[in-house]
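Chain residues, written in single-letter form:
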Amino acid sequence: MEGLKEIVRACTKCRLHLGRKNAVPGEGPAWARIVLVGEAPGRQEDEEGRPFVGAAGRLLDSLLREAGLRREELYVTNLVKCRPPGNRRPRSDEISACLPYLLSELSALRPALVVALGETAGRSLSQALGIEWRGLGEMRGRKRVGALGGRALALLFTYHPSAALRRRELGDLILKDLTLAAEIARGNPPGDPEDEPHSQDHP
Ligand code: URA
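Description of the pattern of salt bridges
Piece 1. Evaluation of the coordinates by the stated rule reveals 16 salt bridges.
Piece 2. Between R167 and E169 there is a salt bridge whose closest N-O contact spans 3.0 Å.
Piece 3. With relative accessibility at 39%, the residue R167 sits in the partly exposed group.
Piece 4. Residue classification places E169 among the partly exposed residues on the basis of a relative accessible area of 40%.
Piece 5. The network of salt bridges with shared partners includes R15, R88, D93 and E94.

Below, the structure is given as structure tokens:
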């Protein structure tokens, strides 16, 4: 994983390297049971070269704590490792260029669960892992099983913490989903969570 981080830091595969201060590789222990996948670094992450260290990251940390998870036990990464100018959405060619890094991280880590934060990460990961994407409102709060390199990989989709900074009610839904993620990662999810909604309360 250290080799991959160095490759990411030196990457020039897409235009985003031109405007970055720092590429932002994933961060966390190799034994992490849960991998969180955001969209792309923001200003603070670009400054520090670390994922989720700005306002969205602070909200994420507090939601993780409420869900009974510690940031230090998770691996946190992004779909795209360099900040898009003005925090725009990453473009499809930028996502395609960067996706192999994320898939390498997931193959190396082999976590019990991947939690995709937000529509962009959710849609791209679904496509890459062979899961039909039906929009975040429908996909969130349910465990799905995709495939990576011939192995099953469990995913959970939820809102991005940046969205919860604008719409506070989404924070409650993220908290529910992270609580479910913690249960799945501990191996004792309530009932059979696969393709079962744990909540009907889509906003
Ligand atoms: N938003 C993201 O999607 N990722 C980060 O690392 C920070 C903010």
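Thoughts on the site of the ligand
Piece 1. What surrounds the ligand is the set G38, E39, A40, E45, P51, F52, N78 and H160.
Piece 2. The side chain of H160 places a nitrogen or oxygen atom 2.7 Å from an oxygen atom of the ligand.
Piece 3. For the ligand, whose accessible area on its own is 230 Å², the fraction buried by protein is 93%.
Piece 4. Its residues assigned to classes, the shell around the ligand comprises three nonpolar, three polar and two charged.

Regarding the packing of aromatic side chains
Piece 1. Taken as a whole, this structure holds one aromatic pair when the rule is applied.
Piece 2. Ring geometry for W133 versus F157: centroids 5.2 Å apart, planes at 70 degrees, classification edge-to-face. On the criterion of sequence distance, the pair formed by W133 in the loop between α6 (119-129) and α7 (136-139) and F157 in strand β5 (residues 151-158) is long-range, its members being 24 residues apart.
Piece 3. The class of W133 is buried, set by a relative accessible area of 18%.
Piece 4. For F157, a relative accessible area of 1% gives the class buried.
Piece 5. Its end group placed over the ring of Y101, K13 keeps NZ or CZ at 4.6 Å from the ring centre.

Here is what the cut-offs are and how they apply
Residues numbered from 1 in each chain as written. Predicted model: local features only at pLDDT ≥ 70, side-chain atom pairs only at ≥ 80, totals over all residues. Heavy atoms only, no water. Salt bridge = Lys/Arg side-chain N within 4 Å of Asp/Glu carboxyl O. Buried < 20%, exposed > 50% of the residue type's maximum accessible area, 1.4 Å probe, protein only. Near = heavy atom within 4 Å. Polar contact = N/O pair within 3.5 Å; in protein donor to acceptor, adjacent residues only side chain to side chain. Areas by Shrake-Rupley, 256 points an atom, 1.4 Å probe, with all protein chains shown as cover. Nonpolar A, V, L, I, M, F, W, Y, C, P; charged D, E, K, R; others polar. Phe/Tyr/Trp six-rings, centres within 6.5 Å; stacked < 30°, edge-to-face > 60°. Helix = DSSP H or I, 4+ residues; strand = E, 2+ residues; numbered from the N terminus. Lys NZ or Arg CZ within 6 Å of the ring centre and 35° of its normal.

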